[in-house]
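Residues per chain, in single letters:
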Amino acid sequence: PQIIIITLGMWAFYIKFKTKIAKYILLVVFSLTIIYSLFKLDSSLIILNDYYRAKDWDYGWQEVAAEIQKLNTSLPIIVDNTRADGYPQLAFYLRFDPKQFQLLNKEVPLNEYYSNLTKVYGRKLGNISTRPVSWSYDIHVNEYLIGDNLAISDEQIKEHRLTIISEIRYPDGIIAFKIVKTNPQLIKD
């Protein structure tokens, strides 16, 4: 409807001009305005969203899923979900079986579906668990940890003697996610 209204307005504006030169100038102005609008649309959708707002659009989960597939799958994988829960994206990109997901992740009993308002904060996707990283426990278990730059900082990597496996970066170069491996044999109690 908006396009029709705008087109009718442009047509009415175009008809008001009597000379061919004025109509030609108006067509050039309309054409330049449309071209400018298309460039602004391209800038807003592609450049701004992909480059500057990648975090807001959950960028990086596809790359995390690709890195998970390269890891030793016999070890547990903990994905920090303190700020953003990536289990839907991981389930999608890892093509995790929905039936298996529902068996592993019970929200509430069916008879309490409308009355029980407790939220489940941890999810399981096979050997992948999404939950906050527990530094007092997780560093003593041989496993992989995945989190953003705040969940797994450089100081924690040094302090807990973690091995960096991979860093996934946003298009602007900022670290989106870190994948590290714990080394419980190096931790002194």
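Scroll up to find the structure this text is about.
Okay, so let's go over this structure. Here the structure is a predicted model, which means the values were calculated and not measured.

A few words now on the overall build of the protein. Within the protein, the regular secondary structure consists of seven helices and six strands. Traced from its N-terminal end to its C-terminal end, the protein shows the element sequence α-α-α-β-α-α-β-β-α-β-α-β-β. Compactness check: the protein gives a C-alpha radius of gyration of 26 Å against a globular reference of 16 Å for 189 residues, more than 25% above the reference. Over its C-alpha atoms, taken along the principal directions, the protein stretches across nearly 90 × 45 × 25 Å. In the protein, which comprises 189 residues, the proportion classed as buried is 33%. Long-range pairs, those at least 24 residues apart, make up 62% of the contacts in the protein with a sequence separation of at least 6. A total accessible area of about 13,200 Å² is found for the protein, and carbon and sulfur atoms account for 62% of it.

This part covers the sheet that holds strand S3 (residues 128–130). Judged by pairing direction, the sheet is mixed, and its six strands sit side by side in the order S2-S3-S1-S4-S6-S5 without closing on themselves. Every interior strand has two partners, whereas the edge strands, strand S2 (123–125) and strand S5 (163–169), have only one. Adjacent strand axes in the sheet meet at a mean angle of 20° when their direction is disregarded. Relative to strand S6 (residues 175–181), S5 is paired through six bridges, and the arrangement is antiparallel. Paired with Thr-163 across the two strands is Lys-181, which belongs to S6. Relative to S5, helix H3 (residues 61–70) is tilted by about 150°, and along the sheet it contacts strand S1 (77–79), S3, strand S4 (144–147), S5 and S6.

What counts and what doesn't
- Residues numbered from 1 in each chain as written.
- Predicted model: local features only at pLDDT ≥ 70, side-chain atom pairs only at ≥ 80, totals over all residues.
- Heavy atoms only, no water.
- Helix = DSSP H or I, 4+ residues; strand = E, 2+ residues; numbered from the N terminus.
- Rg over C-alpha atoms; globule rule 2.2 N^0.38 Å.
- Buried < 20%, exposed > 50% of the residue type's maximum accessible area, 1.4 Å probe, protein only.
- Contact = heavy atoms within 4.5 Å.
- Areas by Shrake-Rupley, 256 points an atom, 1.4 Å probe, with all protein chains shown as cover.
- Pairing = 2+ DSSP bridges.
- Axes fitted to C-alpha atoms, helices over the stretch in contact; angles between N-to-C directions.

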